[in-house]
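An overview of the molecular structure
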Amino acid sequence: MTEFGIILLSAVLVNNYVLTKFLGICPFLGVSGKLETAIGMSFAVMFVMTLASTASWIIQQLILIPFDIVYLQTVFFILIIAALVQFVEMVMHKTSPVLYQGLGIFLPLITTNCAVLGVAILNVQQDYSFFASVLYGFGAAVGFGLVLVLFSGLRERLEAAPIPEAFKGSPITLITAGMMALAFMGFAGLVKV
Amino acid sequence: MDFLYPVLIFATLALIIGTGLAFASRYFYVEGDPLADKVDALLPQTQCGQCGYPGCRPYADAVAGSGVAVNHCVPGGERTMLAIADIMGVEPKAIEEEETAPVVAYIREDECIGCTLCIKACPVDCIIGAPKQYHTIVTDHCTGCTLCLEPCPVDCIDMVETPELLEHWSWPVPGTKRAVKAEKRKAQHDGKIEGTDA
Amino acid sequence: MTFDKEQQKIAFTLFVVGLVAATMLALVDKWTAGPIAEAQRQALHQSLEQVLPEHSNDPLKDMFLFPIAKEENIKIFPAKDKKGDVIAYAWEQIAPDGYSGTIRILMGVRVSGEIAAIRVTFHKETPGLGDGIIKNKTWLNAFIDKTLTNATWLVKKDGGDFDQFTGATITPRAVVKTVHKGLVFYKKNQVDMLKRAYTVAMKSNEEGGKK
Amino acid sequence: MIFLSSPHQHGGNSIQLTMFSVIIALIPAAMVSVYLYGWLAVFLLTTCIGVSLATEFFALKWMGKETDRVWDGSAGLTGLLLALILPAAVPWWMAVFAAVFAIVLGKQLYGGLGHNPFNPALAARVVLLISFPLHMTSWIVPMHMDASLDMYSFITSLKFFFLGPDAVQQTWDAITMASPLGYLKTELGQGVTVTEALVNYHYSTLHAFIGREAGSLGEGSALALLMGGVWLMARHTISWHIPISYLLTMAVLAGLFNLINPDVYAPPMFHLLAGGLILCAFFMATDPVSSPSSGIGKIVFGIGCGILTWVIRTFGNYPEGAMFAVVLMNMATPLIDYYVRPRVYGHKRGKQS
Amino acid sequence: MPSKEETLNKQDIFNDGFWFNNAIFAQLLGMCPLLGVTTTAENGFWMGLATLAVLLCSNLIVSLVRGFIPDEVRIPAYIVIIASLVTVVELAMNAWMHDMYLILGLFIPLIVVNCAILGRAEAFASKNNVSDSLVDALGMGLGFTFALLLLGGVRELLGQGELFGFNILGDAYPDVLLFILPPGAFIALGFILAGVNVINQRLQAKKDAVLQAEKQGAAQNV
Amino acid sequence: MLNIWHKIQQSLSLGSAQGFTGGIVHGNQYKITAGHPIVACALPELFIHPIKQHIGEPCEPIVEVGERVLRGQMIAKPQGYLSVPVHASTSGTVTCIEEHTIPHPSGLGMISIHIKPDGMDETDESLHPLPNYRSVDATELRERVRDAGVAGLGGAVFPTFIKLVQDQQNQIDTVLLNGIECEPWLTCDHQLMLEKAHEIISGLDIILHMVEADKGIIVIEDNKLDAADVMKQTLSDMGLTDSIYVQVLPTRYPQGGERQLIQAVTGKEVPAGGLPLHMGVLSLNVGTSKAVYDAVCLGEPLTERIITVSGDAVPKPANMSVRLGTSMHFLLKQCGVEHFDGIKIMHGGPMMGELLNQDDVPVVKGSNGILAMNQQTIMRAHHQEEPCIRCGDCGDVCPAGLMPNLLAAHCKENQFERAEDYSLFDCIECGACSYVCPSHIPLVHYFRYGKGQVAQIQREKTFAEESRQRSEKRDARLAKELADKEEKRRVAKAKKEARAKALAEKEAAEKVVVDKDNVEQPDVEQTDKPEVKVDEKPAEDKA
Ligand SMILES: Cc1cc2nc3c(=O)[nH]c(=O)nc-3n(C[C@H](O)[C@H](O)[C@H](O)COP(=O)(O)O)c2cc1C
Ligand SMILES: Cc1cc2nc3c(=O)[nH]c(=O)nc-3n(C[C@H](O)[C@H](O)[C@H](O)COP(=O)(O)O)c2cc1C
Ligand SMILES: Cc1cc2nc3c(=O)[nH]c(=O)nc-3n(C[C@H](O)[C@H](O)[C@H](O)COP(=O)(O)O)c2cc1C
Ligand SMILES: Cc1cc2nc3c(=O)[nH]c(=O)nc-3n(C[C@H](O)[C@H](O)[C@H](O)CO)c2cc1C
Ligand code: SF4
Ligand code: SF4
Ligand code: SF4
Ligand code: SF4
Ligand code: FES
């Protein structure tokens with residue numbers, strides 16, 4: 001039980017994907033403009049990442065290792081992820097046009113979200129058990145979602161601020177992300193791995 | 001030939017996924033465009049055609065359907081543009097024409113010859129009058145779209161500014177004298193920077 | 001729902017793309033497999049070179065497994081002179097109690113029980129504080145020629161012979177403790193290790209001979 | 001025509017008044033720092049405040065704002081607080097770096113006073129901590145502890161401040177020591193129990209309270225800080241919500257775990273008095289700009305700070321968690337403001353409109 | 001965005017990819033490798049080259065096969081193509097640049113999902129002919145490499161006082177660890193982007209001035 | 001100790017049995033005019049009666065230019081339900097009926113009846129006194145209150161008769177008389193209570209009778225204890241202590257706000273969107289109560305009210321009894337103001353009142369105070385806005401429990417949806433937030449701006465919706481007309497055909513088929529037409 005708690009804590013806070021591992025930065029910067037969208041995106045990513053880590057574990061254990069074709073890892077994983085995302089996109093388009101609109105062009109971009117492929121690869125590198133790897137994927141996504149939502153809150157506040165011309169837009173956004181990363185350094189060592 | 005395994009395994013997986021996607025694309029096919037409705041709801045319904053489309057709904061369809069720019073509706077003003085840009089998820093664009101004070105059409109009745117041409121032009125039916133008699137515009141219903149100006153053979157229709165009503169008066173944006181002055185100074189400063197840049 | 005021509009095309013395209021991609025990769029893999037193995041070997045070799053004294057064999061080739069617990073082995077890389085006598089060993093020792101996690105140390109020990117050299121191969125210590133264990137050459141060199149007896153295996157702060165870094169005591173403490181543990185381990189298993197080194201060598205010689 | 005809406009009367013409070021009352025409230029703590037570290041404290045205080053003001057001036061000028069805003073007190077206060085949370089051992093260039101960082105990145109890039117999402121002084125300190133961990137985790141031995149140390153005369157201090165320990169023929173280890181929190185953290189890692197560690201350190205609650213332990217400039221004396229803090233609360237410059245909920249959460253958490261295992265978890269009184277907790281709770285977590293603005297939001301903020309501080313202190317790498325906790329909660333401030341709102345008259349809680 | 005089959009000015013395409021539509025500076029894409037591997041200029045450089053190689057090949061292949069791939073599987077198909085190219089690069093680096101391979105680590109397979117690459121495949125290569133696509137890839141890839149090099153240089157210089165491993169700022173320079181840690185990466189990039197903003201504003205101002213002059217000239221001619 | 005707990009409760013906005021949430025304590029500018037006996041203001045040269053002096057629909061003038069009117073004569077009659085009449089304040093002749101500036105922040109004008117007094121001050125006696133009100137039916141009394149033009153004198157000028165209703169579902173059990181007078185400078189209610197205690201209490205008794213309530217509470221703040229004493233004394237003199245009592249509350253602004261008052265007295269909150277009535281409470285200003293008494297027992301319509309004339313530019317501040325329609329210029333002159341340059345006239349108190357840009361504005365029913373302030377005093381209060389430091393003081397004092405800083409920020413950025421989400425419309429515009437803001441942000445101004453914009457957007461939306469409907473109707477009509485025409489043509493054609501058919505009886509059957517085709521063809525063309533037409537129009541327009 002504690003093992004799982006540690007995996008979760010580590011993935012969410014200590015080794016946060018965005019702020020310490022530099023994964024999934026593009027959507028982190030791109031979809032954080034509005035709180036509602038950020039929340040929607042968080043859930044989408046949570047869903048996809050959990051699925052991705054599940055799928056990658058299965059593929060790794062049942063196909064790649066038995067057939068000794070680990071060098072095909074990247075291709076296998078990305079194909080599965082791309083298909084998964086496309087599927088989610090179709091379903092979402094059909095069932096929830098509002099959410100679909102909100103996530104807009106970013107749904108396809110989940111495919112190209114490093115965090116998703118990253119979770120798949122890191123996951124199998126860590127030799128987790130099946131349940132642990134699913135949890136790890138979920139935890140990483142929660143970490144992503146958490147900082148995304150926090151960040152969107154901050155950005156909404158920034159919108160009203162009289163920021164100097166040269167720093168308006170992406171520069172101040174990045175600096176704020178940097179400040180968040182600074183703050184997250186405080187979690188260092190909570191989990192020693 | 002031991003490298004045939006991986007090739008086959010992978011190609012099979014690709015085939016399975018391809019098939020799955022093929023079915024899914026059929027099954028989850030989405031029709032229609034609920035977006036256009038949303039955009040339409042935002043438009044002022046002036047039906048003036050300044051956007052280059054025959055009315056508000058067609059423009060909404062064009063915006064939602066074929067990605068036409070969001071800044072064509074002049075009467076809607078900046079607010080509408082921003083709202084549309086927002087739901088379309090695109091960058092807002094500046095509106096070319098300036099927003100003007102609200103106007104309504106007014107017929108100089110003694111010059112009117114009662115030709116009824118303006119009635120036919122008015123998209124919201126707010127001109128009353130019978131043939132050969134002078135016509136009047138129901139000011140409260142006029143959207144100020146100016147479509148009636150052109151057909152009038154004797155040019156007896158003017159656009160007049162609507163007077164400010166006490167009931168409709170609302171507080172302007174706050175700004176004390178000093179604040180206004182500070183803003184001006186800031187603007188000058190910004191201008192100066194640009195000036196030196198150029 | 002039908003599986004009409006259009007749909008077939010979708011599935012087929014992906015199939016073809018997959019086929020081509022996989023074929024290409026399989027070929028490339030075949031082509032690079034050798035160089036990759038060589039590169040990995042080289043990398044390991046380089047670090048071994050740093051901790052082992054001059055030798056004339058290939059420690060990688062002579063590597064043998066040594067049991068430290070039930071079903072748990074460590075890899076030991078022996079160094080031999082021209083005559084084929086073992087002169088030193090290298091193995092990896094893990095310090096679990098670094099400031100922010102484990103520290104892996106590759107230590108080279110002469111048969112006589114003196115340290116040839118140590119290198120840290122992996123750590124997560126604070127840059128600027130704990131990372132002296134890889135950057136601070138003087139500190140690393142202090143370990144050379146130390147034996148169980150000719151040094152007090154503690155940091156200076158605790159009354160030993162090894163420097164701590166300013167503002168960071170935990171990291172060196174962990175390293176010193178672990179290297180010490182390694183030496184103790186060596187002393188205990190000295191004989192077995194030697195035996196094993198020779199049996200493995202013989203075996204491989206035989207195999208080599210057979211081939 | 002310029003329309004002026006009611007009210008046409010004003011209570012007389014102003015930004016300047018607010019900021020200067022906080023500055024006044026910090027004077028006792030600043031005086032204690034001079035008592036503990038002598039000229040070093042004076043140099044650090046003047047450098048931080050001076051550089052903050054100068055940076056603020058140039059930043060305002062560069063952005064085309066009125067430069068008389070420098071005197072609204074906020075930059076001076078940031079500088080003062082920054083100095084108070086730095087160890088006495090930092091050299092001049094680190095103080096300058098921190099002050100510039102605080103004002104430029106912490107504040108002016110966000111549009112100046114009122115717009116910065118993070119506490120500028122704390123952000124600057126975090127940057128220093130991760131950039132220069134050595135300087136930021138070693139503490140000059142306070143004057144009263146080892147008067148034999150030739151560190152506190154004007155000239156020596158000056159040399160030390162500008163040229164470093166070598167210039168005064170001191171080794172770093174000789175003039176610095178561990179703070180109670182740092183010491184405890186190291187010892188616990190060695191398997192020593194809390195009680196033993198505190199005895200070894202000669203820790204005394206009374207000393208921690210009146211201000212004789214090593215640490216950052218301003219965090220020495222809980223008494224001096226409390227005097228200022230309580231005065232501010234009485235003046236309504238700060239509200240009670242954040243300090244009380246913060247300290248209470250800390251006390252409760254520490255107490256609870258101390259009951260469970262007193263060998264591993266430090267007692268609540270130690271936690272409350274150690275490190276910068278009081279300073280943070282009264283002066284930094286309460287920074288109005290970067291904390292929530294409703295009462296109930298402030299309570300949530302305080303509780304969050306308390307939990308995070310305790311968790312980081314107890315399980316994290318860093319001996320002191322207060323600073324990180326506040327910056328982390330700063331991040332959550334917009335969300336707290338959005339989701340945790342006071343109940344509106346005539347509405348049920350949680351339901352708007 | 002060019003959507004017609006006409007041949008575009010190669011110079012424009014290159015400029016566009018290298019600067020005006022730069023993945024990093026303009027689109028904020030491909031941020032992960034940018035931030036993740038740029039602790040030194042050298043790392044940034046090699047990462048950029050690896051990406052450039054993949055980008056060139058993927059744009060080439062995608063623009064070759066663009067007619068044959070149905071919309072529904074466009075993304076999976078492109079991404080499989082890209083992924084195999086990346087794997088090739090990965091295997092090659094592992095074989096012949098083992099040290100760099102170890103440093104770049106996870107970020108090599110992640111080139112697959114570098115938004116810039118798929119983005120280009122989608123937005124440009126799938127709509128343009130081979131030569132244009134290649135020029136575009138070159139511009140984009142070099143632009144990306146430039147950005148990586150720049151950020152890597154800044155971080156190395158400020159963080160360690162060195163550049164490509166050479167000591168630049170002298171021994172007295174205190175290493176500001178901030179810049180080699182994650183927060184510093186974000187902050188340094190923020191400042192670089194601010195610089196880019198300023199440059200773009202100047203460029204725009206110049207362009208406007210030129211246009212203005214042309215207009216006036218035209219008016220006088222009339 | 002209790003006090004501390006009280007404060008904690010308030011800060012937590014848990015709500016409390018006594019007092020209301022938030023609020024501020026003012027200075028004591030009221031002392032300037034406190035205790036000054038009411039003096040009658042002289043008759044001016046000209047009376048100006050705007051045709052709307054209450055909340056609701058405007059009245060319609062029923063006098064003509066040149067007509068002679070008497071004091072108390074109805075000169076404008078109400079239109080619609082939410083409306084009360086306007087009466088002449090003295091006898092004289094109507095000189096003109098035209099637009100005149102009214103006390104309104106916009107500085108805009110309204111149709112007003114100008115009356116030149118003849119100095120005789122003759123009274124119209126068409127309303128006969130009803131001193132025996134207990135025997136009169138409530139409905140008749142209600143009519144009387146309306147005919148007398150009584151509207152709330154507490155500031156909101158809501159037609160009083162509407163409030164005095166017996167509702168089946170919500171039986172009123174408590175009537176609160178609002179003697180709070182929490183605006184810092186005003187003392188008109190205070191003085192009224194001192195001098196007209198009897199009338200006020202009788203008025204309350206009438207009201208209790210009308211709404212069949214059994215409890216009346218006169219609520220007074222503890223800075224007017226003398227008034228409370230007088231009230232208590234009068235109550236026991238009149239023997240009404242069973243049904244009516246006086247409650248003294250600690251002084252705090254804006255306790256006089258209806259909802260705050262109810263919260264302070266009963267501990268209950270009026271639900272959002274609800275009325276005090278739904279809580280079984282009715283609150284009226286003490287002046288209104290006196291006006292009800294005048295209307296019922298004396299048969300006098302509302303033609304005069306008590307006004308505090310004060311401010312730091314007024315040499316002789318006073319509480320005056322002023323006829324409605326008197327110009328403020330005249331009023332201030334009476335109080336010693338000579339030069340009108342460099343002073344600003346404020347209508348109402350400084351917290352809720354409005355600044356006027358002119359001085360020849362008439363006194364209306366809602367005027368409870370006229371303050372003349374030096375320009376500098378005003379400008380000091382309206383100090384330049386500085387950035388919000390998010391101190392939260394504004395939220396602490398907000399009686400409605402809002403977060404004014406965020407609300408104002410959203411209004412400023414024109415994010416009105418967000419602002420509404422933050423309960424913009426629950427703000428009562430009391431001004432407490434602006435009063436305490438260290439950054440001098442005109443918060444209330446932002447809210448007013450926001451509310452105005454929201455209303456504007458709503459109007460535009462409604463208009464757009466109407467336009468759409470009109471446009472659709474028109475399209476339908478055109479289509480129908482077209483179809484009708486078509487039908488006619490078809491019928492005509494059919495007839496013609498029939499005739500032709502009759503003529504060509506002998507021709508072969510195939511031909512009929514062709515004819516049929518002919519009939520259908522134009523049909524197809526015609527249905528296409530409207531679309532084509534719509535399509536072309538904008539093109540023409542552009543050309
Ligand atoms: C941010 C931070 C990072 C630290 N990193 C290390 C480290 O990597 N290695 C280490 O031994 N001590 C590290 N320490 C220092 C320990 O907290 C502890 O103070 C030190 O090891 C005790 O050594 P001293 O007795 O020389 O002060 C770090 C402290 C802080 C605040
Ligand atoms: C549309 C509307 C309807 C009202 N209806 C009633 C009513 O039926 N009964 C009542 O007692 N008050 C009614 N009121 C009066 C209010 O409750 C309140 O007394 C009045 O607006 C003045 O209060 P204020 O000065 O606090 O705003 C109504 C007010 C409005 C705006
Ligand atoms: C902020 C605020 C303060 C008010 N202060 C007073 C006051 O001091 N005295 C008063 O009679 N009415 C005051 N009112 C008006 C009351 O809300 C309410 O309109 C009045 O008690 C109803 O009585 P009326 O209809 O007789 O005027 C205030 C309203 C608001 C919104
Ligand atoms: C009660 C109070 C506490 C403050 N605390 C801080 C602080 O911790 N750090 C800081 O930089 N400024 C502080 N300030 C000053 C000011 O709010 C700060 O400069 C702004 O964050 C800059 O926008 C404080 C101000 C007040 C009134
Ligand atoms: S009257 Fe004229 S301007 Fe007004 S809506 Fe009709 S056509 Fe448009
Ligand atoms: S078009 Fe002009 S002339 Fe003709 S009816 Fe209309 S107003 Fe009269
Ligand atoms: S009182 Fe003023 S400065 Fe303070 S939070 Fe409210 S608006 Fe901001
Ligand atoms: S004016 Fe509105 S927001 Fe301000 S204190 Fe009064 S009710 Fe609250
Ligand atoms: S590069 Fe785009 S998400 Fe990582």
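The rules behind the values
Residues numbered from 1 in each chain as written. Chains lettered and ligands numbered in written order. Predicted model: local features only at pLDDT ≥ 70, side-chain atom pairs only at ≥ 80, totals over all residues. Heavy atoms only, no water. Helix = DSSP H or I, 4+ residues; strand = E, 2+ residues; numbered from the N terminus. Rg over C-alpha atoms; globule rule 2.2 N^0.38 Å. Buried < 20%, exposed > 50% of the residue type's maximum accessible area, 1.4 Å probe, protein only. Contact = heavy atoms within 4.5 Å. Areas by Shrake-Rupley, 256 points an atom, 1.4 Å probe, with all protein chains shown as cover. Lys, Arg positive; Asp, Glu negative; His and termini not counted. Charge placed at Lys NZ, Arg CZ, Asp CG, Glu CD. Arc of directions from axis to C-beta. Salt bridge = Lys/Arg side-chain N within 4 Å of Asp/Glu carboxyl O. Polar contact = N/O pair within 3.5 Å; in protein donor to acceptor, adjacent residues only side chain to side chain. Pairing = 2+ DSSP bridges. Phe/Tyr/Trp six-rings, centres within 6.5 Å; stacked < 30°, edge-to-face > 60°. Lys NZ or Arg CZ within 6 Å of the ring centre and 35° of its normal. Near = heavy atom within 4 Å. Nonpolar A, V, L, I, M, F, W, Y, C, P; charged D, E, K, R; others polar. Axes fitted to C-alpha atoms, helices over the stretch in contact; angles between N-to-C directions. Parallel < 35°, antiparallel > 145°, perpendicular 65-115°, else oblique. Domains from an automatic or database assignment. Buried area = accessible area lost by both parts, 1.4 Å probe.

**Brief notes about the overall build of chain D**
Each helix and strand in chain D was counted, giving 17 helices and two strands. Computed over its C-alpha atoms, the radius of gyration of chain D comes to 21 Å, within 12% of the 20 Å expected for a compact globule of 353 residues. Along the first, second and third principal axes, the C-alpha set of chain D runs to 70 × 50 × 30 Å. Residues classed as buried in chain D amount to 66% of the 353 residues present. The long-range share in chain D, meaning contacts at least 24 apart out of those at least 6 apart in sequence, stands at 73%. Of the accessible surface of chain D, which amounts to about 12,000 Å², a share of 69% is contributed by carbon and sulfur atoms. Of the side-chain charges in chain D, 16 are positive and 16 negative, and the distance between the mean point of each set is 18 Å.

**Describing helix H2 (residues 34-42) of chain B**
Along H2(B), the positions that sit buried rather than exposed are B:Leu35, B:Ala36, B:Val39 and B:Asp40. What you see down the axis of H2(B) is that its buried residues fit within an arc of 135°, all on one side.

**Examining the interface of chain F and chain D**
Taken together, the contact pairs 61 residues of chain F with 43 residues of chain D. Counting across the interface, chain F meets chain D through three salt bridges. Across the salt bridge formed by F:Arg390 and D:Asp337, the nearest N and O atoms sit 2.8 Å from each other. At the boundary of chain F with chain D, the tally comes to 26 residue pairs in polar contact (both at pLDDT 80 or more). Residue assignment for the side of chain F that touches chain D shows that the elements contributing at least two residues are helix H1 (2-11), helix H7 (258-266), strand E16 (354-356), helix H10 (375-381), helix H12 (404-412), helix H13 (416-421), helix H14 (432-436) and helix H15 (443-503) of chain F.

**Examining the sheet that holds strand E4 (residues 68-69) of chain F**
Residue and element names in this part refer to chain F. The sheet built from four strands is open, its strands ordered E2-E8-E7-E4 with antiparallel pairing. The open sheet terminates on both sides in strands that have one partner only, identified here as strand E2 (47-50) and E4. Strand direction decides the pairing type here: strand E7 (residues 92-101) and strand E8 (residues 109-117), joined by nine bridges, are antiparallel. When the sheet's bridge partners are listed, Glu-99 is paired in E8 with Ile-111.

**With respect to the pattern of salt bridges**
Tallying each qualifying case throughout the model produces 39 salt bridges over all chains. In this structure, F:Glu258 and F:Lys163 form a salt bridge, with 3.6 Å as the shortest nitrogen-oxygen distance. Of this pair, F:Glu258 sits in helix H7 while F:Lys163 sits in helix H3 (residues 160-163), placing them 95 residues apart in sequence. F:Lys451 is the partner of F:Glu429 in a salt bridge, and the nearest nitrogen-oxygen pair spans 3.0 Å. Of this pair, F:Glu429 sits in the loop between H13 and H14 while F:Lys451 sits in helix H15, and the two are 22 residues apart along the sequence. Each member of the salt-bridge network shares a partner with another, and the members are B:Asp125, F:Arg474, F:Arg477 and F:Glu481.

**Here we look at the environment of E:Leu110**
Mapping E:Leu110 onto the fold places it in the loop between helix H5 (98-104) and helix H6 (115-125). When the C-alpha atoms of E:Leu110 and E:Leu148 are compared, they prove to be 15 Å apart, with 38 residues separating the residues in sequence.

**A few points about the packing of aromatic side chains**
Taken as a whole and judged by the stated rule, the model has 51 aromatic pairs over all chains. On the numbers, 5.3 Å between centres and 80° between planes, the contact of A:Phe167 with E:Phe191 is edge-to-face. In this pair, A:Phe167 sits in the loop between helix H8 (130-159) and helix H9 (170-184) while E:Phe191 sits in helix H8 (residues 182-221), so the two residues belong to two different chains. Take A:Phe167: its relative accessible area is 7%, and that puts it in the buried class. Relative accessible area serves as the criterion here: at 34%, E:Phe191 is assigned to the partly exposed category. A ring pair is formed by C:Trp139 and C:Phe143, whose centres lie 5.1 Å apart and whose planes are at 75°; its orientation type is edge-to-face. The buried category is assigned to C:Trp139, whose relative accessible area is 4%. Here the aromatic cluster, defined as three or more aromatic residues joined through ring pairs, consists of C:Phe64, C:Phe66, C:Tyr89, C:Trp91, C:Phe185 and C:Tyr186. The lysine or arginine in question, D:Arg341, covers the ring of F:Tyr422, its NZ or CZ lying 3.7 Å from the ring centre.

**As for the environment of E:Ile117**
Residue and element names in this part refer to chain E. Its location among the elements puts Ile-117 in helix H6. Separated by 38 residues in sequence, Ile-117 and Ile-79 place their C-alpha atoms 9.4 Å apart. Here Ile-117 is in contact with Thr-51, Val-54, Leu-55, Ser-58, Ile-82 and Ile-111, once residues within four sequence places are set aside.

**Observations regarding the site of ligand 5**
Around ligand 5 sit 13 residues, and of these B:Cys122, B:Cys142, B:Cys145, B:Thr146 and B:Cys148 come closest. Here the residues of the shell around ligand 5 are counted per class, giving ten nonpolar, three polar and no charged.

**Observations regarding the packing of helix H15 (residues 277-284) of chain D against helix H17 (residues 322-339) of chain D**
Residues and elements named next belong to chain D. Their axes nearest at 9 Å, the elements H15 and H17 cross at an angle of 30°. By the angle between their axes, H15 is roughly parallel relative to H17. Judged by residue contacts, Leu-277, Cys-280 and Met-284 of H15 engage Ala-322, Met-323 and Val-326 from H17. Among the residues forming the contact of H15 with H17, the class breakdown is six nonpolar, no polar and no charged.

**Re the site of ligand 1**
Ligand 1 sits among 15 residues. The nearest are C:Thr126, C:Lys157, C:Thr169, C:Thr171 and D:Tyr318. The environment around ligand 1 is built from residues contributed by chains C and D. Within the backbone of C:Ile170, one N or O atom sits 2.9 Å away from an oxygen atom of ligand 1. Expressed as a share of its isolated accessible area of 610 Å², the protein-covered part of ligand 1 is 90%. Split by residue class, the shell around ligand 1 holds six nonpolar, seven polar and two charged.

**Considerations on the domain arrangement of chain D**
Residues and elements named next belong to chain D. Its domain assignment divides chain D into domain 1 (14-179) and domain 2 (193-213 + 238-339). Each of domain 1 and domain 2 was reduced to a C-alpha centroid, and the two centroids are 22 Å apart. Approximately 2,000 Å² of surface area, both sides summed, lies buried where domain 1 meets domain 2, with 73% of it carried by carbon and sulfur atoms. If you sort the residues of domain 1 by the area they bury against domain 2, Phe-118, Asn-119 and Leu-122 come out on top, with a joint share of 25%. Put simply, domain 1 and domain 2 have zero salt bridges between them. Run the count over domain 1 and domain 2 and you get three residue pairs in polar contact (both at pLDDT 80 or more). At the level of elements, helix H1 (15-37), helix H3 (74-84) and helix H5 (120-131) are the ones that each hand at least two residues to the side of domain 1 that touches domain 2. Here the side of domain 1 that touches domain 2 is composed, by residue class, of 23 nonpolar, six polar and one charged.

**Observations concerning the arrangement of the chains**
Highest in contacts among the 13 pairs of chains that touch are chains D and F. Between chain C and chain F there is no contact, and the shortest C-alpha to C-alpha distance separating them is 36 Å. Nothing in chain E touches chain F; the tightest C-alpha to C-alpha distance between them is still 24 Å.

**Let's talk about the pairing of strand E12 (residues 281-285) of chain F**
Residue and element names in this part refer to chain F. Burial analysis of E12 places five of its five residues in the buried class, the great majority of the element. With five bridges connecting them, strand E9 (residues 174-179) and E12 associate as parallel partners. When the sheet's bridge partners are listed, Leu-177 is paired in E12 with Leu-284.

**Concerning helix H7 (residues 154-163) of chain D**
All names here are of chain D. Buried within H7 we find Thr-156, Ser-157, Phe-160 and Phe-161. Within H7, the buried residues cover an arc of 130° as seen down the axis, which keeps them to one side. Seen from the buried face of H7, the exposed residues on the opposite side, beyond 90 degrees, are Ile-155 and Leu-163. Where H7 is buried, its residues meet helix H2 (39-62), helix H4 (92-104), strand E1 (139-140) and helix H8 (172-175). Note on H7: the residue one or two positions beyond its end, Gly-164, has a positive phi of about 95°.

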